[in-house]
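Chains, contacts and geometry: an overview
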Amino acid sequence: MILSFMNNTEKDLDIVIEPSTDEFLLLPNSTLKIYAVVKNQDDEFEYDCHSNGINIWMPRASTAKFFVDGKRVDTLYEIMDW
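Let us look at the structure shown here. (Residues numbered from 1 in each chain as written. Predicted model: local features only at pLDDT ≥ 70, side-chain atom pairs only at ≥ 80, totals over all residues. Heavy atoms only, no water.)

Comments concerning the nonpolar core
Grouped together as the largest cluster of nonpolar side chains are 19 residues, with contacts concentrated most on Leu32, Ile34, Ile56, Met58 and Phe66. Apart from the residues lying within four places of it in its own chain, the contact partners of Met58 are Ile17, Glu18, Pro19, Ile34, Ala36, Phe45, Ala64, Phe66 and Tyr77. (Core = buried A, V, L, I, M, F, W, Y, C linked by side-chain atoms within 4.5 Å. Buried < 20%, exposed > 50% of the residue type's maximum accessible area, 1.4 Å probe, protein only. Contact = heavy atoms within 4.5 Å.)

In structure tokens:
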């Protein structure tokens, strides 16, 4: 599954990945892409958009790689077994 979030605002957005609590900024006109493999198809991917950014809750027992504008973002989520 590929998930994409585009920042089409004129301000930096705070991105938080749960359950790993990874946090980074998504600059204006930038795109976050998440390449995820969900092991349990019944688990849901959830996110919450607010004025300062996006909180993303990744499904349990999944793996994911994160990219901003095509460049890989190192995350704790990738190296831990949630």
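Focus: the sheet that holds strand β4 (residues 31-38)
Strand order in the open sheet made by the four strands is β1-β4-β7-β8, with antiparallel pairing throughout. On the outer flanks of this sheet lie β1 (2-6) and β8 (71-73), each paired with one strand and no other. The average angle at which neighbouring strand axes cross in this sheet is 30°, direction not considered. (Pairing = 2+ DSSP bridges. Helix = DSSP H or I, 4+ residues; strand = E, 2+ residues; numbered from the N terminus. Axes fitted to C-alpha atoms, helices over the stretch in contact; angles between N-to-C directions.)

Some remarks on the side chain of Ser20
Within the secondary structure, Ser20 sits in the loop between β2 (13-18) and β3 (22-26). Residue classification places Ser20 among the buried positions, given a relative accessible area of 2%. At 3.5 Å, the side chain of Ser20 and the backbone oxygen of Ile17 are in polar contact. A polar contact of 2.5 Å, which involves the side chain of Ser20, links it to the side chain of Asp22. (Polar contact = N/O pair within 3.5 Å; in protein donor to acceptor, adjacent residues only side chain to side chain.)

Brief notes about the pattern of salt bridges
A complete count under the given rule lists one salt bridge for this structure. For Arg72, the salt bridge is made with Glu78, and the minimal N-O distance between the two is 2.3 Å. Owing to a relative accessible area of 45%, Arg72 belongs among the partly exposed residues under this scheme. Residue class for Glu78 comes out partly exposed when judged on its relative accessible area of 24%. (Salt bridge = Lys/Arg side-chain N within 4 Å of Asp/Glu carboxyl O.)

Quick look at the packing of aromatic side chains
Overall, the coordinates contain five aromatic pairs when judged by the stated rule. Taking the centre distance of 6.1 Å and the plane angle of 90° together, the rings of Phe66 and Tyr77 count as edge-to-face. Note that Phe66 is positioned in strand β7 (residues 62-68) and Tyr77 in helix α1 (residues 76-79), a separation of 11 residues in sequence. With a relative accessible area of 0%, Phe66 lands in the buried category. Judged by its relative accessible area of 1%, Tyr77 falls in the buried class. Of the aromatic side chains, those joined through ring pairs into one cluster are Phe5, Phe45 and Tyr47. (Phe/Tyr/Trp six-rings, centres within 6.5 Å; stacked < 30°, edge-to-face > 60°.)

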